[in-house]
Amino acid sequence: MDDVPLLTTDQMASFVARGYLRLDRVVPQEINAQAMEELPGLFRAWVDEFRGVTFGAGDEPDAASEARLPRSGTVLHDAYAPESAFGRMVRVPTIAGAIASLVGTDPVVDHHFVHTKTAGDLHAQGLHCDAIIDEGPAFDIQLFWFPHDVAPREGGTRFVPGSHLRRVNMDDVARYHHLAGEQYFSGDAGTVVIFHQGLWHAGAPNHGSRDRVMGKLRLNPTRPQVRLWDTSDLAPRNRSDDHMFARMEPGMVAATLRNSEPWYEPSVHRLETVNRSKLWRYLTADDGFDVDWYLTRTERRAALVTP
Amino acid sequence: MMWLASPSLDSRVLGWSFFDGTAGAGPQLTADPPYASGVAALVDGWRMLQMSPLIPPTPGHERDTSFLKHEFVFERIVDLADDATSDPRFVARVETLGH
């Protein structure tokens, strides 16, 4: 995987702070067109599988459905035929590089799912995060692939930047209908947005005149996610004593990790900064890293106390 | 419902939801957010029903973050004209709510 462009330190720090990474127009149009042909079939394959197993109404899965619906735990490289839409998408160098940077070169497929929001479907799904309360700091990623143009109000996924480290379970956050700074995806065909598994999101109303199709792929890491990106500029930018009430240097990772979101309570923003620092410690294998001295001062005080 | 930046009712609105007991026949909220603070909602005639209690952090989880902390619930009673509730569109909306 030496030939794929790895993420930069800035991109990784932004992912840690905001819980997502947006890659615009990275999938070639030919692959997007193939996805528009194949993805609805992938959804039907899942429906058949679900109905067959749940209600006993289907046949045993055949080789074709095995190929279309990889079993959880299949190494990504082996999960999809190289000429299939998903197989081609994950081999796009920019996508492969982002995957390698976040979960390594040998992640396994958790599952994929095809989400279709039909034209005129005005139902607003409740805000949720996928799966349950997943313990950190290791994390999965989810690729949201939009193979066609999505105009504003045409069913682009709603998501809440900076929500990924809040400990909530599934749709226990559905009560929040409007949060300052939330986004509704819109963009060009071939855009992939990579979510941290904990990011709050929801299917949005489609006021447009065409169905909105999105392919989602969840990947589990199989190795520590430590320094997998292009770390060539990390060392000089990784000061652990960057402190907004003392000395700050330009270009530090800390500057990205202390950014707030419009929906954050000021007091919780400080805790978010701490939790981002802990995640950055995991990603860099640097237990001394800190932002604004929150962890350092308490850890040093704790070390003074004899158990 | 509104979620504010602090436990103080005059602090900034971070998020809001509107649950419409008139099924669309009553006055609607259009601004985003509908009010700049909780106090602004009081001034406009809303009654506050509930606010989040201030609960000390759970030992061992002091730095966990989760739900928005400062939740305020407001209510406003409105009178609906007879012709509003007999409007077929109103009846249809109520039907979709499982009334």
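If you're wondering where the values come from, they're calculated on a predicted model, not measured in any experiment.

## Re the overall build of chain A
Moving on, step 1. Counting secondary structure elements, chain A contains 9 helices and 9 strands.
Moving on, step 2. The C-alpha radius of gyration of chain A comes to 21 Å, within 12% of the 19 Å expected for a compact globule of 307 residues.
Moving on, step 3. Each principal axis of the C-alpha distribution contributes one length, and for chain A these read about 65 × 40 × 40 Å.
Moving on, step 4. Each of the 307 residues in chain A was classed as buried or not, and the buried ones make up 40%.
Moving on, step 5. Sequence-distant contacts, at least 24 apart, represent 83% of the contacts inside chain A between residues at least 6 apart.

## What about the overall build of chain B?
Moving on, step 1. When its secondary structure is counted, chain B shows 3 helices and 4 strands.
Moving on, step 2. If you line up chain B on its principal axes, its C-alpha atoms span 55 × 30 × 20 Å.
Moving on, step 3. In chain B, the share of contacts with a sequence separation of at least 24, taken over all contacts with a separation of at least 6, comes to 66%.

## Re the interface of chain B and chain A
Moving on, step 1. With 17 residues of chain B in contact, the opposing surface of chain A contributes 19 residues.
Moving on, step 2. Grouping the amino acids of the side of chain B that touches chain A by side-chain chemistry returns 7 nonpolar, 6 polar and 4 charged.
Moving on, step 3. As defined by bridge partners, strand 5 (residues 178-179) of chain A adjoins strand 2 (residues 13-16) of chain B across 2 bridges and the pair is classed as antiparallel. In the sheet register, L179(A) faces strand 2 of chain B, and the bridge partner there is G15(B).

## Notes on the nonpolar core
All names here are of chain A.
Moving on, step 1. Counting 80 residues, the largest nonpolar core has V16, V192 and I194 as its most contacted members.
Moving on, step 2. With 6 residues, the top contributor of residues to this core is helix 6 (residues 93-103).
Moving on, step 3. Two domains share this core, each providing at least three of its residues, namely domain 1 (9-220) and domain 2 (235-304).
Moving on, step 4. Ignoring any residue separated from it by four or fewer positions in sequence, one finds V192 in contact with L23, V26, V27, I95, L143, F144 and W145.

## Section: the environment of F90(B)
All names here are of chain B.
Moving on, step 1. In this fold, F90 is placed in helix 3 (residues 88-96).
Moving on, step 2. Accessibility expressed as a C-beta count within 10 Å gives 17 for F90, which makes it partly exposed.
Moving on, step 3. Sequence spacing of F90 and R76 is 14 residues, and the spatial spacing of their C-alpha atoms is 19 Å.
Moving on, step 4. The residues touching F90, leaving out its near neighbours within four places in the chain, are A23, G24, A25, A84 and T85.

## So, helix 6 of chain A
Residue and element names in this part refer to chain A.
Moving on, step 1. Counting buried positions along helix 6 yields 8 of 11 residues, so the element is predominantly enclosed.
Moving on, step 2. All of the buried residues along helix 6 are I95, G97, A98, I99, A100, S101, L102 and V103.
Moving on, step 3. Elements in contact with the buried residues of helix 6: helix 1 (9-18), strand 1 (20-23), helix 5 (85-89), strand 3 (141-146), strand 7 (191-196) and strand 9 (212-220).
Moving on, step 4. G104 sits one or two residues past helix 6 and shows a positive phi near 90°.

## Looking at the environment of N238(A)
Residue and element names in this part refer to chain A.
Moving on, step 1. Tracing the sequence through the fold places N238 in the loop between strand 9 and helix 7 (253-257).
Moving on, step 2. With 19 C-beta atoms counted inside 10 Å, the residue N238 sits in the partly exposed group.
Moving on, step 3. In sequence terms N238 and R71 are 167 residues apart; their C-alpha atoms lie 39 Å from each other.
Moving on, step 4. Residues within four places of N238 in sequence aside, it is in contact with V253, T284 and F289.

## Overview of the domain arrangement of chain A
Residues and elements named next belong to chain A.
Moving on, step 1. When its domains are assigned, chain A resolves into domain 1 (9-220) and domain 2 (235-304).
Moving on, step 2. Placing the centre of domain 1 and that of domain 2 at their C-alpha centroids yields a distance of 30 Å.
Moving on, step 3. On the domain 2 side, the residues contacting the 15 residues of domain 1 number 17 residues.
Moving on, step 4. For the side of domain 1 that touches domain 2, the element with the most residues is helix 1, which contributes 6 residues.
Moving on, step 5. Tallied by class, the residues present in the side of domain 1 that touches domain 2 amount to 10 nonpolar, 5 polar and no charged.

## Quick look at unusual backbone geometry
All names here are of chain A.
Moving on, step 1. Residue P137 follows G136 across a cis peptide bond; omega there is 5°.
Moving on, step 2. The residue P137 is located in the loop between strand 2 (108-117) and strand 3 in this model.
Moving on, step 3. Phi angles above zero are rare outside glycine, and M170 is one such case at about 50°.
Moving on, step 4. Looking at the element boundaries, M170 is found in the loop between strand 4 (158-159) and strand 5.
Moving on, step 5. Judged by local crowding, M170 falls into the partly exposed class, with 13 C-beta atoms found within 10 Å.

## What to know about the environment of E83(A)
Moving on, step 1. Along the chain, E83(A) turns up in the loop between helix 4 (76-79) and helix 5.
Moving on, step 2. Each C-alpha atom, one on E83(A) and one on Q34(A), is 9.9 Å from the other, the two residues being 49 residues apart in sequence.

## Some remarks on the sheet that holds strand 8 (residues 201-202) of chain A
Residue and element names in this part refer to chain A.
Moving on, step 1. With antiparallel pairing, the 3 strands of this open sheet are ordered in space as 6-4-8. Edge strands, defined here as strands with exactly one partner in the open sheet, are strand 6 (183-184) and strand 8.
Moving on, step 2. As paired strands, strand 4 and strand 8 are joined by 2 bridges and run antiparallel to one another. Pairing of R158 across the sheet is with A202, part of strand 8.

Cut-offs used in this document
Residues numbered from 1 in each chain as written. Chains lettered and ligands numbered in written order. Predicted model: local features only at pLDDT ≥ 70, side-chain atom pairs only at ≥ 80, totals over all residues. Helix = DSSP H or I, 4+ residues; strand = E, 2+ residues; numbered from the N terminus. Rg over C-alpha atoms; globule rule 2.2 N^0.38 Å. Buried ≥ 20, exposed ≤ 12 C-beta atoms within 10 Å, placed from the backbone. Contact = placed C-beta atoms within 7 Å. Nonpolar A, V, L, I, M, F, W, Y, C, P; charged D, E, K, R; others polar. Pairing = 2+ DSSP bridges. Core = buried A, V, L, I, M, F, W, Y, C linked by C-beta atoms within 7 Å. Domains from an automatic or database assignment.

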